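Below are the chains, spelled out letter by letter.
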Amino acid sequence: MTDRERILVTVKTYPELSSKYGETVCTAGIREDGTWVRLYPVPFRRLGEGEQYKLYDWIECPLIKHSADPRPESHRPTGEIEWISHVGTSDDWRERRELLLRRARVYRRLDELIRAAQDDGVSLAIFKPARVIDFGWEMADREWDPARLEAARAIVSQRDLFDEESWHRTFQVVDKVPYNFHYRIEDADGKRSRMRVLEWQLGALYRNCVRLTNGDEAEALAKVRQKYFDQFRESDLHLFLGTTLAWHKRAPNPWTIVGVLPVPHERQTNLFATQAPDATGGHRTEAE
């Protein structure tokens, strides 16, 4: 049975090549009640202009449970994706905070999160690290696997549910990012972990920085670190986590970072102020 569902998009991973689906993007988000859903496969860059969505867009589309993926959140789109509205950052991120930090569950302990994956099958979650220790990278393959690239190009030449005739003439498989990025974090119990970051925005930022630095990869990587470590560490950083199908219940820690949520620190009004005398014998406001 196909059900039409409304989803707030919070995650788009960097495009991957699949021998079955071509170039695909894993999309995830929450329903209005704070429960998670994963959409796969989505040939995002082949969607029509009216179907392409941004982070924090409400979308609506018909979904069925993914038959090849036992993870409870995994569903497959079966028809047109409709854009509904966008959730912005006004009023100190009020609506995003309500949806993501209050309705959805936020984990703070890695052991609890790992048990949730192993015992209950949970495969999407929000995690609040107690401390961000480092952000780094290591070299990866510079080009796509030739067999997968050939298969993806063959699929691009075919027509499918999301087909628009015009994209056939201009579509090019996305460039591969030649680095794997990761965070080193510590949880509320002091347990440390290193997790790979798979979000689309990170890969796109790296590619943009390479262009801006005329191909200087070292300078581009420094610019990426400045944002993902120096800048984001100053925020109330939360992480969107997901498990991979291959390692969902097999790895000691199956979680990867599929999205970054750099929430600004919430401004609070000090309601507890006292009047203290100033040097002139008058009074000044002083927080207790």
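Everything discussed here concerns the structure shown above.
Below or above, wherever it landed, is the structure these notes cover. (Residues numbered from 1 in each chain as written. Predicted model: local features only at pLDDT ≥ 70, side-chain atom pairs only at ≥ 80, totals over all residues. Heavy atoms only, no water.)

Scanning the entire structure with this criterion turns up 19 salt bridges. Here E60 makes a salt bridge to R6, at a shortest N to O gap of 3.3 Å. In this pair, E60 is assigned in strand β5 (residues 57-65) and R6 in strand β1 (residues 3-12), connecting sequence segments 54 residues apart. Judged by its relative accessible area of 34%, R6 falls in the partly exposed class. A salt bridge links R105 to E112, with the nearest nitrogen and oxygen atoms 2.4 Å apart. With relative accessibility at 48%, the residue R105 sits in the partly exposed group. (Salt bridge = Lys/Arg side-chain N within 4 Å of Asp/Glu carboxyl O. Helix = DSSP H or I, 4+ residues; strand = E, 2+ residues; numbered from the N terminus. Buried < 20%, exposed > 50% of the residue type's maximum accessible area, 1.4 Å probe, protein only.)

Each pocket or cavity is described by its volume, and for the largest pocket that value is around 1200 Å³. T13, Y14, E16, L198 and T244 are, among the 43 residues lining the largest pocket, the residues nearest its centre. Counting residues per element, the ones that place at least two in the lining of the largest pocket are β2 (16-18), β3 (22-30), β4 (36-42), β11 (179-186), β12 (192-197), α4 (200-212), β13 (236-243) and β14 (255-263). When residues of the lining of the largest pocket are assigned to their parent elements, the largest contribution, four residues, is made by β3. Partitioned by chemical class, the residues of the lining of the largest pocket number 21 nonpolar, eleven polar and eleven charged. Its boundaries defined by the atoms lining it, the second largest pocket holds a volume of some 330 Å³. R142, E143, D175, K176 and V177 are, among the 17 residues lining the second largest pocket, the residues nearest its centre. A per-element tally of the lining of the second largest pocket places α4 first, with four residues. By residue class, the composition of the lining of the second largest pocket is eight nonpolar, one polar and eight charged. (1 Å grid on protein atoms, 1.4 Å probe; cavity = no way out; pocket = protein on both sides within 12 Å on 5 of 7 lines; lining within 4 Å. Points joined across faces, edges and corners; volume = space filled by probe spheres on them. Nonpolar A, V, L, I, M, F, W, Y, C, P; charged D, E, K, R; others polar.)

This part covers helix α1 (residues 90-103). Taking 1.5 Å of rise per residue, 14 residues should cover 20 Å, and α1 covers 19 Å from first to last C-alpha, within 8% of that figure. Where α1 bends most, at R97, the angle is about 60 degrees. Turning to α1, its buried residues are D92, W93, R96, R97, L99 and L100. (Expected span 1.5 Å × (residues − 1). Bend = angle between axes of the 7 residues up to and from the residue.)

Take unusual backbone geometry next. Note the cis peptide between Y40 and P41, where omega equals 0 degrees. You can see P41 is positioned in strand β4. The phi dihedral of Y56 falls on the positive side, at around 70 degrees, and the residue is not glycine. Mapped onto the elements, Y56 comes out in the loop between β4 and β5. You can call Y56 buried: its relative accessible area is 8%. One non-glycine residue with positive phi stands out, namely N214, at about 55 degrees. Structurally, N214 can be placed in the loop between α4 and α5 (217-231). Judged by relative accessible area, N214 falls into the exposed class, the value being 75%.

Bear in mind that shape data such as this cannot, by itself, settle questions of function.
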